[in-house]
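Structure assessment
Listed below, chain by chain, are the residues.
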Amino acid sequence: MNAFESTSPVPAAAPRDRVRFWAVLAAALFLPAAAGAGVLTLASERASRCVTYGERCASGMPGWLFGWGVALGVLALVLALAAPAERVRRAALAVQVLSECAALLVIVSHA
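Predicted, not measured: the structure shown is a model, and the values here were computed from it.

**Things to note about the overall build of the protein**
- Looking only at helices and strands, the protein has 4 helices and 0 strands in total.
- Order of helices (α) and strands (β) in the protein, N terminus to C terminus: α-α-α-α.
- Buried residues in the protein amount to 23% of all 111 residues.
- For the protein, contacts bridging at least 24 residues in sequence account for 72% of all contacts bridging at least 6.
- Accessible surface for the protein amounts to roughly 8,000 Å². Of this, 70% is attributable to carbon and sulfur atoms.

**Things to note about the pattern of salt bridges**
- Per the stated rule, a full pass over the model turns up 2 salt bridges.
- Between Glu 86 and Arg 89 there is a salt bridge, with the nearest N and O atoms lying 2.7 Å from each other. With a gap of 3 residues between them, Glu 86 and Arg 89 both fall in helix α4 (residues 86-109), about one helical turn apart.
- Overall, the relative accessible area of 32% leaves Glu 86 in the partly exposed class.

**Structural notes on the packing of aromatic side chains**
- Across all of its chains, the model carries 1 aromatic pair by this definition.
- Ring centres of Phe 21 and Trp 22 lie 5.3 Å apart, and the angle between their planes is 70°; on these two criteria the pair is classed as edge-to-face.
- Here Trp 22 falls in the partly exposed class, since its relative accessible area comes to 46%.

Cut-offs and rules
Residues numbered from 1 in each chain as written. Predicted model: local features only at pLDDT ≥ 70, side-chain atom pairs only at ≥ 80, totals over all residues. Heavy atoms only, no water. Helix = DSSP H or I, 4+ residues; strand = E, 2+ residues; numbered from the N terminus. Buried < 20%, exposed > 50% of the residue type's maximum accessible area, 1.4 Å probe, protein only. Contact = heavy atoms within 4.5 Å. Areas by Shrake-Rupley, 256 points an atom, 1.4 Å probe, with all protein chains shown as cover. Salt bridge = Lys/Arg side-chain N within 4 Å of Asp/Glu carboxyl O. Phe/Tyr/Trp six-rings, centres within 6.5 Å; stacked < 30°, edge-to-face > 60°.

Structure follows, in structure tokens:
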């Protein structure tokens, strides 16, 4: 009997789930992107005049639109991580990325 011979077959490697990886990565990169968008907003002329002189200050960012974008992104993240079907996870990832982009657009458009 050969010492290197195994009696049980080697199990096939499970396919890697890239959708969950991208969903977590998009969620992790949202906070630095929001901070960068905030800095970009503060670099605008209107925002710098508002901070420096108190002139031409806007009433505020539409919080409800930002809140809905973030909430939809979080729900899509949970769905992308928990859904059993690959097709549903891909759709949830697309919704997550689009809602995060909408939230970032709200921040940048406030400049």
